[in-house]
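Fold and contact review
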Amino acid sequence: MGDYTPDSDRILAEARRVRDDNRSGGRHRLQHSIGRGSAELKAKHYAKKLVQMALGVVAVLVAAGVAGAILNGIGFWGVMLTLLAIGLVVGAVSMNKVKTPRRADINKGDVKTMVGRTELWLEAQRPALPPPAVKVVDGIGVQLDALGVQLEGLDQNTPQAVEVRKLVGEHLPEMVDSYRKVPQHLRNEKRADGKTPDEQLTDSLAKISKEIDGITRNLAEGNLDELSVRGRFLEYKYGDPASPVDSNVEGRD
């Protein structure tokens, strides 16, 4: 593939901006999300929790109403117990946190969902990564958003889909897992190649970032070609849209 260094630098700069925006109460994504895919998975989880809370509260109120009808009122302590039950329901549902996908489950389902699942998994790994690698991971989150758009409606058996599954669903998490298995005190020691495990991880993630960018561009190129073909078809059928609309009118005058 070509040299995507300038684009990678731009993507990383955008990732830093989004990351800083998130940390200050960001507008673009749910806080701490590295990409739109993981943010959407979180949003679905929170929406499900709100529904569960609402159903739980309604169930408690219905039960209190039935008890009041049978006992001809529930009295002060009945009201207190009802409020306590509502508090317990809300508390129990609130403790249901977003589950980080297991490493073995990342590569399941369709490719687009897999990309969002990878983002969510990467977010959970960031505290264990060196700062330079975290910056690359944030950039990868931005790239995976762009890749997810290109994966909409893509046949799961195409070479591009298979490549995305291998790169994002296998190679990327395997690289991070391999790093995390290295003892903490050895991560800053230089190895035979002159690099520390921290540097090796950062370099490998940067290479994966370039590959993701290349795949995204490859998929986008097909859409650009389709857009160009449709434009030429419209020009052939209806004429040049840039030509003056009133030219026919002037000919009739």
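See the structure printed just above.
Below is a short write-up of the structure. (Residues numbered from 1 in each chain as written. Predicted model: local features only at pLDDT ≥ 70, side-chain atom pairs only at ≥ 80, totals over all residues. Heavy atoms only, no water.)

Turning next to the overall build of the protein. Looking only at helices and strands, the protein has eight helices and zero strands in total. Per-residue burial for the protein yields a buried fraction of 35% across its 253 residues. In the protein, 68% of the contacts between residues at least 6 apart in sequence involve partners at least 24 apart. Working note: accessible area of the protein is about 15700 Å², and carbon and sulfur atoms make up 59% of it. (Helix = DSSP H or I, 4+ residues; strand = E, 2+ residues; numbered from the N terminus. Buried < 20%, exposed > 50% of the residue type's maximum accessible area, 1.4 Å probe, protein only. Contact = heavy atoms within 4.5 Å. Areas by Shrake-Rupley, 256 points an atom, 1.4 Å probe, with all protein chains shown as cover.)

Now for the nonpolar core. In terms of nonpolar packing, the biggest core is built from 28 residues, with L129, I140, L147, V164, L205 and I212 touching the most fellow members. When contributions to this core are tallied by element, the ones reaching two or more residues are α4 (111-125), α5 (131-150), α6 (159-180) and α7 (197-238). Apart from residues no more than four positions distant in its own chain, V164 is found in contact with V111, M114, V115, L147, L151, G169 and I215. (Core = buried A, V, L, I, M, F, W, Y, C linked by side-chain atoms within 4.5 Å.)

Attention now moves to a nonpolar patch on the surface. Residues I74, F76, W77, V79, M80 and L83 make up a contiguous nonpolar surface patch of roughly 620 Å² in combined accessible area. Checked against the element boundaries, V79 lands in helix α3 (residues 75-94). You can call V79 partly exposed: its relative accessible area is 38%. (Patch = residues over 30% accessible without salt bridge, like charges linked within 9 Å, V, L, I, M, F, W, Y side chains within 5 Å. Salt bridge = Lys/Arg side-chain N within 4 Å of Asp/Glu carboxyl O.)

All right, on to α4 then. With 15 residues, α4 should reach 21 Å at 1.5 Å per residue; the first-to-last C-alpha distance of 21 Å fits that figure. Burial runs high along α4: twelve of the 15 residues are buried. Among all positions of α4, only V111, M114, V115, G116, R117, T118, E119, L120, W121, L122, E123 and Q125 are buried. At the N-terminal boundary of α4, the capping side chain belongs to D110, with an oxygen 3.1 Å from the backbone nitrogen of K112. (Expected span 1.5 Å × (residues − 1). Polar contact = N/O pair within 3.5 Å; in protein donor to acceptor, adjacent residues only side chain to side chain.)

This part is about the environment of K166. Inspection of the secondary structure assignment puts K166 in helix α6. When the C-alpha positions of K166 and N107 are compared, they lie 8.5 Å apart, and in sequence the two are 59 residues distant.

Let us now look at the packing of aromatic side chains. Each aromatic ring pair is specified by the distance between its two centres and by the angle formed by the two planes. Going through the model one piece at a time under the given rule, you end up with one aromatic pair. Centroid distance F76 to W77: 5.2 Å. Interplanar angle 75°. Geometry classified as edge-to-face. Both residues of the pair, F76 and W77, belong to the exposed class. Across the ring face of Y179, the terminal group of R187 is positioned such that the distance to the ring centre comes to 4.5 Å. (Phe/Tyr/Trp six-rings, centres within 6.5 Å; stacked < 30°, edge-to-face > 60°. Lys NZ or Arg CZ within 6 Å of the ring centre and 35° of its normal.)

Bringing the pattern of salt bridges into the picture now. For the structure on display, the rule yields seven salt bridges. Put simply, R103 and E174 hold a salt bridge, and the shortest N to O gap is 3.6 Å. Of this pair, R103 sits in the loop between α3 and α4 while E174 sits in helix α6, and the two are 71 residues apart along the sequence. Residue E174 is classed as partly exposed on the basis of its relative accessible area, which comes to 38%. For K195, the salt bridge goes to D203, with nearest N and O atoms at 2.6 Å. Judged by its relative accessible area of 34%, K195 falls in the partly exposed class. The partly exposed category is assigned to D203, whose relative accessible area is 29%. Three or more residues are tied together by salt bridges with common partners; here these are R102, D105 and K108.

Note that every value here comes from positions in space, so none of it alone points to a role or purpose.
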